Amino acid sequence: MTGPCHNVWRLLTAILCIGTCVTLAVAQDVEVTYEEEGIVTGAEGFAVENVWLPPNGEMPKTKAPAVELTRGDKPLPMSFTIDYTLATDYIFRGANLSEYDGEGTEDLNHQLGIGAEYDTQEFGVIGAVVWMNWYAGLDQRYAYIGSSNEVQEVDYTVYWRLPYTPLGFTTELGYSFLSFPNLAGDKCTHEAYVRLAWDDSAMWRAMGCDVQSSFLNPYLFYAMDFDYASGGQWLELGVKPVWAVADIPYAQDVPVLRAMYLQPKVALGADHRYWGRAGANEFAAGAVDPTDQSTRLANIVYEVELGYDLGADLGLPESYGTVLIASFIGFNQTFRDFLDDTLYGGVRVAWAW
């Protein structure tokens, strides 16, 4: 491994050391319990945070539900998920990676994710995810390379997450290895990320609102790439709440509605030398200036997902887990010349345990 990638192990070692020190310090003063985390479920026991909306620029691109949100007694504090998404477009960090000139009718994206989490309680959560995207029009998308492999991307991510309940913050540190079988030359890259989420429920309660869990669920995400983008960085600020329909008066007595959730999302992304470097690998020659070292706003995403917890509504045995069915629609508004505004949508099915 050459160039900027030499520093990746130093960075990862530093992250692990800092994370360990923070964990030990927090563990001395805070005993993390599920009740302290302010988890709220719908009237029928539906865990409203038990979902993961397709991201704008975040990693990983799917997640297992948090262990404390899953139902039923378990021999180990673990959770699993397998999900399948059918989407009109694959949007990542402002770029539509499933669009080509003259596409016409949308060639669909088939996305599969498998994730697992283990909750150590005092020392946080350890998770791992494998995710892939298969794009029906990939031979046209990368026609300038001459590739015909329709598996566009495979990601492998490991992460560690720790809540600090007195302030309502949850910190997540992760490392992702991304593989792109269709690209010329080096077909993989890797990056480290930090994600900070804030439970804003205390703020709303101080204002007199009857809120028990995070209402807007704001987050800050930062990633640095070590290969394609050669130190390029992505910064994202957004809100991604999950609202249970059962919390609406009388909805908890209506079949189907009582097990539904609504998840709106707004995310603003900033590009610090990311696409100027990584874009040379992703777009046709001349589309991106590889010498671009600027820091700019890249895009803003508006998205909403409507989901249904089929397992909870049908009363499936808790030991079987649950099945989620959802549809989503979004609009990607871009601020860079080589990125395109895109209206997109899709459906997904997930099994979670």
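Presented here is an overview of the structure given in this document.

### Observations regarding the overall build of the protein chain
- If you tally the helices and strands in the protein chain, you get five helices and 15 strands.
- Here the contacts in the protein chain between residues at least 6 apart in sequence split such that 64% fall between residues at least 24 apart.
- In the form shown here, the protein chain has an accessible surface area of approximately 15900 Å², with 63% of it arising from carbon and sulfur atoms.

### Focus on the environment of D309
- By the secondary structure assignment, D309 is in strand β13 (residues 295-309).
- Given the relative accessible area of 3%, D309 is considered buried.
- In this structure, the C-alpha to C-alpha distance between D309 and V323, residues 14 residues apart in sequence, is 6.0 Å.
- Looking at D309, its side chain comes within polar contact range of the side chain of T322, at 2.4 Å.

### A short note on the nonpolar core
- Counting 25 residues, the largest nonpolar core has M59, F92, L97, Y193, F221, W275 and L339 as its most contacted members.
- For this core, the elements supplying multiple residues, two or more each, are β5 (125-135), β8 (188-198), β9 (218-225) and α4 (274-282).
- Sorting elements by how many residues they give to this core places β9 first, with three residues.
- Residue contacts for F221: discarding those within four places in its chain leaves G57, E58, M59, R93, Y193, V194, R195, W234, L235 and E236.

### Some thoughts on a nonpolar patch on the surface
- A cluster of nonpolar residues, F80, I82, Y84, L112, I114, V130, Y156, F177 and W351, forms a patch on the protein surface that exposes about 750 Å² of accessible area.
- Of all the secondary-structure elements, those providing two or more residues to the nonpolar patch are β1 (78-87) and β4 (109-119).
- In terms of residue count, β1 provides more of the nonpolar patch than any other element does, three residues in total.
- Relative to the elements of secondary structure, I114 occurs in strand β4.

### As for unusual backbone geometry
- Following M59, the chain continues to P60 via a peptide bond in cis, the omega torsion being -5 degrees.
- With respect to the helices and strands, the residue P60 is situated in the loop between α1 (8-29) and β1.
- Backbone geometry places R93, a non-glycine residue, at a positive phi of 55 degrees.
- Following the sequence through the fold, R93 ends up in the loop between β2 (91-92) and β3 (95-96).
- Non-glycine residue R273 carries a positive phi angle of around 60 degrees.
- Taking the relative accessible area as the measure of exposure, R273 reaches 24% and is therefore partly exposed.

### Some thoughts on the side chain of D271
- For D271, the position within the fold is in strand β12 (residues 260-272).
- Among the polar contacts made by the side chain of D271, one reaches the side chain of R336 at a distance of 2.9 Å.

### Concerning the packing of aromatic side chains
- Taken as a whole and assessed by the stated rule, the structure comprises eight aromatic pairs.
- Site record: aromatic cluster; members linked through ring pairs are Y90, F92 and W131.
- Directly above the ring of F92 sits K61, whose terminal nitrogen or CZ lies 4.2 Å from the centroid.
- When the ring centre of Y159 is taken as reference, the NZ or CZ atom of K63 above it lies at 5.2 Å.

### So, the pattern of salt bridges
- This model, assessed by the stated rule, comprises ten salt bridges.
- Residue R195 pairs with E58 through a salt bridge whose shortest N-O separation is 2.5 Å. Separated by 137 residues along the polypeptide, R195 in strand β8 and E58 in the loop between α1 and β1 bring together distant segments of the chain. Across the pair, E58 and R195 agree in class, each one buried.
- The salt bridge partner of R348 is E305, with a shortest N-O separation of 3.0 Å. Of the two residues, R348 sits in strand β15 (residues 342-352) while E305 sits in strand β13, which places them 43 residues apart along the sequence. One exposure class covers both R348 and E305, and it is buried.
- The structure contains a network of salt bridges with shared partners spanning K63, E117, R161 and E172.

Cut-offs and rules
- Residues numbered from 1 in each chain as written.
- Predicted model: local features only at pLDDT ≥ 70, side-chain atom pairs only at ≥ 80, totals over all residues.
- Heavy atoms only, no water.
- Helix = DSSP H or I, 4+ residues; strand = E, 2+ residues; numbered from the N terminus.
- Contact = heavy atoms within 4.5 Å.
- Areas by Shrake-Rupley, 256 points an atom, 1.4 Å probe, with all protein chains shown as cover.
- Buried < 20%, exposed > 50% of the residue type's maximum accessible area, 1.4 Å probe, protein only.
- Polar contact = N/O pair within 3.5 Å; in protein donor to acceptor, adjacent residues only side chain to side chain.
- Core = buried A, V, L, I, M, F, W, Y, C linked by side-chain atoms within 4.5 Å.
- Patch = residues over 30% accessible without salt bridge, like charges linked within 9 Å, V, L, I, M, F, W, Y side chains within 5 Å.
- Salt bridge = Lys/Arg side-chain N within 4 Å of Asp/Glu carboxyl O.
- Phe/Tyr/Trp six-rings, centres within 6.5 Å; stacked < 30°, edge-to-face > 60°.
- Lys NZ or Arg CZ within 6 Å of the ring centre and 35° of its normal.

Taken by themselves, the reported measurements are silent on function.
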